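Spelled out, the chains give:
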Amino acid sequence: MSLFAFTKTVLGSMVSKPATRMYPFEVREAFPGTRGSIAIEIEKCIYCTLCARKCPTSAIVVNKAARSWEIDRLRCISCRACVEACPKDCLSQLTSYSPAVAIKGGKDFFHHPAPKVAAAPGAAPAQG
Ligand code: SF4
Ligand code: SF4
């Protein structure tokens, strides 16, 4: 490349707009159907554990007794198996990705309190 062509390329690059986006300040809109992170509507969950059993990477842990559902986002490979397995349609796949994390093993934890059960007439009040 001649010096003239080189200088022209350098000057052209200096005055033209950048070829890449200023991520993370400018985020590209996701394409439809992008396999992003898994979301849950925890109030619809019946803690049947089907999603956890179908997950090929054991990213989901369901605790029926504690009424909790958690996902390790670093284990998830966005295969969508859990979404398709859920009988209550409470799982969905977003088109956005999970935010970056610095610590391995962090989990997103969801918990839905047990519904209040009316006490039977004459029953002793609950302790605790
Ligand atoms: S999308 Fe796949 S890997 Fe991720 S939690 Fe669901 S089943 Fe597991
Ligand atoms: S399959 Fe659906 S209803 Fe069952 S535990 Fe998973 S999220 Fe909850």
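Residues numbered from 1 in each chain as written. Chains lettered and ligands numbered in written order. Predicted model: local features only at pLDDT ≥ 70, side-chain atom pairs only at ≥ 80, totals over all residues. Heavy atoms only, no water.

Undergrad: Describe the site of ligand 1, and please don't skip the residues or the numbers.
TA: Close to ligand 1 lie 13 residues, the nearest being Cys55, Cys76, Cys79, Arg80 and Cys82. Counting atoms within 2 Å of the grid points, the majority share of ligand 1 lands in the second largest cavity. Taken together, the residues that form the shell around ligand 1 break down as ten nonpolar, two polar and one charged. (Near = heavy atom within 4 Å. 1 Å grid on protein atoms, 1.4 Å probe; cavity = no way out; pocket = protein on both sides within 12 Å on 5 of 7 lines; lining within 4 Å. Sits in = over half its atoms within 2 Å of the grid points. Nonpolar A, V, L, I, M, F, W, Y, C, P; charged D, E, K, R; others polar.)

Undergrad: Got a sec to walk through the pattern of salt bridges? Specific residues and values, please.
TA: This structure, assessed with the given rule, holds four salt bridges. One salt bridge in this structure joins Asp108 and Arg73, with 2.7 Å as the shortest N-O distance. Of the two residues, Asp108 is situated in strand 5 (residues 108–111) and Arg73 in the loop between strand 3 (68–71) and helix 3 (81–85); the sequence distance between them amounts to 35 residues. Classification of Arg73 as partly exposed rests on a relative accessible area of 22%. Between Glu84 and Arg80 there is a salt bridge whose closest N-O contact spans 3.7 Å. (Salt bridge = Lys/Arg side-chain N within 4 Å of Asp/Glu carboxyl O. Helix = DSSP H or I, 4+ residues; strand = E, 2+ residues; numbered from the N terminus. Buried < 20%, exposed > 50% of the residue type's maximum accessible area, 1.4 Å probe, protein only.)

Undergrad: Lay out the nonpolar core with the relevant residues and their values.
TA: Counting residues in each nonpolar core, the largest one holds 18 residues, and the members touching the most others are Ile38, Cys51, Ile60, Val62, Trp69, Cys82 and Leu91. Elements represented by at least two residues in this core include exactly strand 1 (38–40), helix 2 (50–54), strand 2 (60–63), strand 3 and helix 3. Ignoring sequence-local partners within four residues, the contact set of Trp69 consists of Ile38, Ile40, Ile42, Tyr47, Cys51, Ile60, Val61, Val62, Leu91, Asp108, Phe109 and Phe110. (Core = buried A, V, L, I, M, F, W, Y, C linked by side-chain atoms within 4.5 Å. Contact = heavy atoms within 4.5 Å.)

Undergrad: Give a detailed account of the side chain of Thr57, specifying residues and quantitative values.
TA: Following the sequence through the fold, Thr57 ends up in the loop between helix 2 and strand 2. For Thr57, the contacting residues outside a window of four places in its chain are Arg75, Cys76 and Ile77.

Undergrad: Could you give an account of the sheet that holds strand 2, with specific residues and numbers?
TA: Spatially, 2-3-5 is the arrangement adopted by the three strands of the open sheet, whose pairing is antiparallel. Looking at strand neighbours, the two that pair on one side only are strand 2 and strand 5, the edges of this open sheet. Neighbour-to-neighbour, the strand axes of the sheet open up by a mean angle of 10 degrees, direction not taken into account. Here strand 2 pairs with strand 3 via four bridges, running antiparallel. Each residue of the ladder has a partner; that of Val62, found in strand 3, is Trp69. (Pairing = 2+ DSSP bridges. Axes fitted to C-alpha atoms, helices over the stretch in contact; angles between N-to-C directions.)

Undergrad: Before we move on, could you go through the site of ligand 2 and cite the residues and values that matter?
TA: Taken together, 13 residues are adjacent to ligand 2, and Cys45, Cys48, Thr49, Cys51 and Cys86 come closest. Using a 2 Å cut-off from the grid points, one finds that ligand 2 occupies the largest cavity. Across the shell around ligand 2, the residue classes break down as twelve nonpolar, one polar and no charged.

Undergrad: Account for the environment of Leu50, naming residues and giving values.
TA: Within the secondary structure, Leu50 sits in helix 2. Of the residues examined, Leu50 reaches a relative accessible area of 29% and is grouped as partly exposed. Distance in space between the C-alpha atoms of Leu50 and Ile60 is 10.0 Å, their sequence separation being ten residues. Setting aside anything within four residues of it in sequence, one finds Leu50 in contact with Ala85 and Pro87.

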